[in-house]
Amino acid sequence: ARLLQLDGRLEHKAGFSFATYKRADSHATGFFEQAFFEGDTHQFDFQSSYLLLDEDAIKHRITAGGVHQRETILQDVSNIFGSFGPTAAQFSTGFFVENKFDVSDFWFTTVGYRHDDFSRAGDADTYRIASRLLLSDDGPAVHGAIGTSFRNPSLGENAAGFGFNPGLLPEE
C-alpha cells in the first residue's frame, strides 16, 4: 500500500508478505532423510519518506521505517539425527533511518543506519555511507561506499534437518 501526503513530499509505504513451504518425500527411509518439512514466513514492513528540501538541483530526503519477520517450521524428526526439535521459530524486528542528499545535478550522497533485534542471534547495528559523482550526463560515474553488514542465520540453518548447526553464529 502507498499513501502520498503534503503534495507528494511525504510518502508512506506498507507491505505484508507470507510464504509457506511444504515438502514431502514418500521415499524417505527415515534413517538419513526427512519424510516431511513445513515452514511459514510472515513479514510486515513500513516506511515513511519526507522530502525536506527541493531547491533546483539540491534535494534532501529522510526515510525511516521498520520490518518484522517471523519464521516457523514443523519437521520430521524420526531419523537417527533427532537431536533437534519437531518445531522451531525465530523472529526479527528492525528499524532504519536514511538521509539522501542530492548535492547537485551530478553528485548524490546517502547516509543510513539500521538496528535489528534477532531472537536467536541478538542485536545488530549497521551503517552505510555512499556517494556517486556523475562525470558527464550520459557517461561514466564514480561511486564509493563504506559500511557494515550483518547476516542472521536462517531458521533452517539453525534448527532444521540433516546438516543443521544450532551453534551457527551470525556473519558480520
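Residues numbered from 1 in each chain as written. Predicted model: local features only at pLDDT ≥ 70, side-chain atom pairs only at ≥ 80, totals over all residues. Heavy atoms only, no water.

A. Looking closely at the sheet that holds strand β1 (residues 2-5). Strand order across the open sheet formed by eight strands is β1-β2-β3-β4-β5-β6-β7-β8, with antiparallel pairing between neighbours. The sheet terminates laterally at β1 and β8 (141-147), the two strands that pair on one side only. In this sheet, adjacent strand axes meet at a mean angle of 10 degrees when their direction is disregarded. Where strand β7 (residues 122-134) meets β8, seven bridges bridge the pair, whose relative direction is antiparallel. Within β8, the residue paired with Leu133 across the bridge is Val142. (Pairing = 2+ DSSP bridges. Helix = DSSP H or I, 4+ residues; strand = E, 2+ residues; numbered from the N terminus. Axes fitted to C-alpha atoms, helices over the stretch in contact; angles between N-to-C directions.)

B. Local environment of the nonpolar core. Counting five residues, the largest nonpolar core is built from Phe37, Ile73, Ala88, Leu155 and Ala159. Setting aside residues no more than four positions away along its own chain, Ala88 makes contact with Glu71, Thr72, Ile73, Arg120, Leu155 and Ala159. (Core = buried A, V, L, I, M, F, W, Y, C linked by side-chain atoms within 4.5 Å. Buried < 20%, exposed > 50% of the residue type's maximum accessible area, 1.4 Å probe, protein only. Contact = heavy atoms within 4.5 Å.)

C. Region of interest: the environment of Asp117. Looking at the element boundaries, Asp117 is found in strand β6 (residues 107-118). Along the chain, Asp117 and Gly94 lie 23 residues apart, while their C-alpha atoms are 6.2 Å from each other.

D. Seen up close, the packing of aromatic side chains. Evaluated as defined, the whole model comprises one aromatic pair. Taken together, a centroid distance of 5.1 Å and an interplanar angle of 15 degrees make the contact between Phe118 and Phe150 stacked. Taken as a pair, Phe118 in strand β6 and Phe150 in the loop between β8 and α1 (155-159) lie far apart in primary sequence, 32 residues in all. For Phe118, a relative accessible area of 11% corresponds to the buried category. (Phe/Tyr/Trp six-rings, centres within 6.5 Å; stacked < 30°, edge-to-face > 60°.)

E. View of the pairing of strand β2 (residues 10-24). Pairing analysis gives four bridges linking β1 to β2, with the strands arranged antiparallel. What sits directly across from Arg2, in β2, is Lys13. Here 15 bridges tie β2 to strand β3 (residues 36-55), and the two strands are oriented antiparallel to one another. Residue pairing in the sheet places Phe18 in a bridge with His42 of β3.

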